[in-house]
Amino acid sequence: TKAFPQYQEVSFRNESHPQLSTVIMSTALLKKKVVVIGYGFAGSKFTAQALKKHPDWEITVITPFDYQEVPLRMTESIAAGSAVHDKAIYPLLREPGVTYIIDVVETLTDGSLRTVSGVELTFDAAVLAVGQKIPFFYPDPRSESTAEARKASIRALNETIQVAKSIVVAGGGAVGTEVAADIKL
């Protein structure tokens, strides 16, 4: 490998053959530029695990929010008010050595992307972790890119609930049951 610096010797244990095996592989396969689009549960978990397994990877996260949210805590946050906000909405958990871009991907092609604000990136691999689109009974987070804006809209909804003379919960599924349990009139 000294004669060919673009290659590196890699050792691994073969499960079917207990002896140690060695292969020569391109260093380009070892050092990857990875972009993670979305940084909720899946995006943040992938980023943390990828850093542990591949500390040499160059990882860039693109997320439209400067905060993270626990959707399952939102009914309680809306019903109880600001006392619970920090349990449901908290600052972006930033992994050391990762580049974070607060933006939205506009175009994604094989090996490159462009954000709405004009940032252009090339990459070897992209992880799409953009979450799921579920019906929101509370304010839609897609229009609120900062934690303070998100908390303000939740606070406004809580104030509406607090002064309501009656509330109708239509639906007895998981969300409807949580809302009914969390709202105490």
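These remarks concern the structure in this document. Remember, predicted model here, so these are calculated numbers, not experimental data. Position numbers for residues count from 1 along each chain, tracking the sequence in the order it is written. The model is predicted, so local features are restricted to residues of pLDDT at least 70 and side-chain atom pairs to those at 80 or more, both for listing and for counting; the totals for chains, interfaces and linings are taken over all residues. Neither water nor hydrogens contribute to the side-chain values; these are computed over all heavy atoms in the structure.

1. Thoughts on the sheet that holds strand 9 (residues 112-115)
A sheet is described by the order of its strands in space; here 3 strands give the open sequence 8-9-10, paired in antiparallel fashion. Looking along the sheet, the strands with just one partner apiece sit at the ends: strand 8 (105-109) and strand 10 (120-122). Taking each pair of neighbouring strands and ignoring which way they run, the sheet shows an average axis angle of 15°. The sheet contact formed by strand 8 and strand 9 spans 4 bridges and is antiparallel. When the sheet's bridge partners are listed, threonine 109 is paired in strand 9 with serine 112. We treat two strands as partners when DSSP finds at least two bridges between them. Counting from the N terminus, the helices are DSSP H or I runs at least four residues long and the strands are E runs at least two residues long. Note on geometry: axes are lines fitted to C-alpha atoms, helical ones only across the stretch in contact, with angles between N-to-C directions running from 0 to 180 degrees.

2. Some words on helix 5 (residues 147-163)
Across its 17 residues, helix 5 extends 25 Å between first and last C-alpha, which sits within 8% of the 24 Å expected from 1.5 Å per residue. A 1.4 Å probe rolled over the protein chains alone gives each residue an accessible area, and that area as a share of the maximum for its type sets the label: buried under 20%, exposed over 50%, partly exposed in between. Taken together, the buried positions of helix 5 are Ala147, Arg150, Lys151, Ser153, Ile154, Asn158 and Ile161. Taken down its axis, helix 5 places every buried residue within 160° of arc, on the same side. Turned more than 90 degrees off the buried face of helix 5, the exposed positions are Glu148 and Val163. Here the expected span of a helix is defined as 1.5 Å times the quantity of residues minus one. What the arc covers is the set of directions going from the helix axis to the C-beta atoms.

3. With respect to helix 2 (residues 41-53)
In this model, helix 2 (13 residues) spans 18 Å end to end at C-alpha, consistent with the 18 Å of a helix rising 1.5 Å per residue. Only heavy atoms enter the contact rule, under which two residues are in contact if any of them lie within 4.5 Å. Looking at the buried residues of helix 2, the elements they touch are strand 3 (33-37), strand 4 (58-63), strand 5 (67-69) and strand 7 (99-102).

4. A look at the pairing of strand 9
Of the two faces of strand 9, only the one carrying Leu113 and Thr115 is buried; Ser112 and Arg114 on the other face are not. Two elements, strand 9 and strand 10, share 3 bridges in a ladder whose sense is antiparallel. Bridge pairing links serine 112 to threonine 122 in strand 10. The hairpin turn running from strand 9 into strand 10, its antiparallel successor, is 4 residues long, and glycine 118 in that turn takes a positive phi close to 100°.

5. Focus on the packing of aromatic side chains
Working definition: an aromatic ring pair is given by the centre-to-centre distance plus the angle between the planes. Pairing of aromatic rings covers Phe, Tyr and Trp, the last through its six-membered ring, and needs centres within 6.5 Å; plane angles under 30 degrees mean stacked, over 60 mean edge-to-face, and all others mean tilted. Here the structure, examined in full by the defined rule, presents 2 aromatic pairs. Here the aromatic rings of tyrosine 39 and tyrosine 100 are separated by 5.3 Å at their centres, their planes lie at 80°, and the arrangement is edge-to-face. Here the residue tyrosine 39 occupies a position in the loop between strand 3 and helix 2, and tyrosine 100 occupies one in strand 7, the gap between them amounting to 61 residues. With a relative accessible area of 4%, tyrosine 39 lands in the buried category. Judged by its relative accessible area of 13%, tyrosine 100 is buried. Ring geometry for phenylalanine 65 and tyrosine 67: centres 5.2 Å apart, planes at 45°, overall tilted.

6. What about the pattern of salt bridges?
Side-chain pairs of opposite charge can arise whenever the charged atoms involved come near each other. One side-chain nitrogen of Lys or Arg within 4 Å of one carboxyl oxygen of Asp or Glu is enough to make a salt bridge. Under the defined criterion, the tally for this structure stands at 3 salt bridges. Between arginine 114 and glutamate 106 there is a salt bridge, with its nearest N and O atoms 3.8 Å apart. Looking at arginine 114, the relative accessible area reads 33%, which means it is partly exposed. Overall, the relative accessible area of 48% leaves glutamate 106 in the partly exposed class. Overlapping salt bridges, with partners in common, bring together Glu106, Arg114 and Glu120 in one network.

7. Regarding the side chain of glutamine 68
Topologically, glutamine 68 is positioned in strand 5. With relative accessibility at 6%, the residue glutamine 68 sits in the buried group. We call two N or O atoms a polar contact when they sit within 3.5 Å, provided that within protein one can donate a hydrogen and the other can accept it, with sequence-adjacent residues counted only if both atoms are side-chain atoms. Within the structure, glutamine 68 has its side chain in polar contact with the backbone oxygen of tyrosine 39 (distance 2.9 Å). With sequence-adjacent residues up to four places away left out, glutamine 68 is seen in contact with Tyr39, Gly40, Ser44, Ala88, Ile89, Tyr90, Pro91, Leu92 and Leu93.

8. Quick notes on the nonpolar core
In this description, a nonpolar core means a group of buried Ala, Val, Leu, Ile, Met, Phe, Trp, Tyr and Cys residues linked to one another through side-chain atoms lying within 4.5 Å. Counting residues in each nonpolar core, the largest one holds 12 residues, listed as Phe65, Tyr67, Met74, Ile78, Ala79, Ala88, Ile89, Ala147, Ile154, Ile161, Val179 and Ile183. Within the residue set of this core, elements represented by two or more residues are helix 3 (74-80) and helix 5. Core analysis: the second largest hydrophobic core is formed by 11 residues, Leu51, Leu92, Val98 and Tyr100 among them.

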